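Residues per chain, in single letters:
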Amino acid sequence: GMSQTRSLDVCGLPPPEPFEQIMTALDDLPNGDLLEVRIHRQPHPLFEVLRNNGFVYNCEPTPDGVFLIKIRHQ
């Protein structure tokens, strides 16, 4: 079937909620689907966890000052 994109907005949430919400969403992410996360800063600890757990991602700043992270299974 077609791959789906899921969106998650964790802007402004206090730690560790953004990390926890992202990891929970990734637990449920099917192979081939994409998780798009809007977040107010670059979560470098998250990036290391993603790399260590078989995910690929890219992180880009958006015009409204937040970051958009796109994550999928490798």
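Now for a look at the structure at hand. Fair warning: this is a prediction, and the values are worked out from it, not measured in the lab.

1. Concerning helix H2 (residues 44-52)
All buried positions along H2 are accounted for by Leu46, Phe47 and Leu50. For H2, the angular spread of the buried residues around the axis is 100 degrees, confining them to a single face. Among the exposed residues of H2, those pointing more than 90 degrees away from its buried face are His44, Pro45 and Asn52. Where H2 is buried, its residues touch helix H1 (17-27), strand S3 (55-61) and strand S4 (67-73). Glycine 54 lies just past H2 and shows a positive phi near 80 degrees.

2. Some remarks on the pattern of salt bridges
Enumeration according to the criterion identifies three salt bridges in this entry. Between glutamate 36 and lysine 70 there is a salt bridge, and its shortest N-O distance comes to 4.0 Å. Of this pair, glutamate 36 sits in strand S2 (residues 34-39) while lysine 70 sits in strand S4; the two residues are 34 residues apart in sequence, bridging distant segments of the chain. Using a relative accessible area of 21% as the deciding quantity, one classes glutamate 36 as partly exposed. When the shortest N-O distance is used, the salt bridge between aspartate 64 and arginine 38 registers 3.1 Å.

Calculation rules
Counting restarts for each chain, with residues numbered from 1 along the sequence as it is written. For a predicted model such as this one, the threshold for reporting local features is a pLDDT of at least 70, and the threshold for listing and counting side-chain atom pairs is 80 or more; totals across whole chains, interfaces and linings nevertheless cover every residue. Here the side-chain values reflect all heavy atoms present in the structure, with hydrogen atoms and water set aside. With a 1.4 Å probe rolled over the protein chains alone, any residue whose accessible area is under 20% of its type maximum counts as buried; one over 50% counts as exposed, and the rest are partly exposed. Under the scheme used here, helices are H or I runs from DSSP no shorter than 4 residues and strands are E runs no shorter than 2 residues, and both carry numbers assigned from the N terminus. It is the directions from the helix axis to the C-beta atoms whose arc is reported. Whether two residues touch is decided by their heavy atoms; if any such pair falls within 4.5 Å, the residues are in contact. Note on definitions: salt bridges are taken to be side-chain nitrogens of Lys or Arg within 4 Å of carboxyl oxygens of Asp or Glu.

In short, the description is geometric, and any link to function would need to be established separately.
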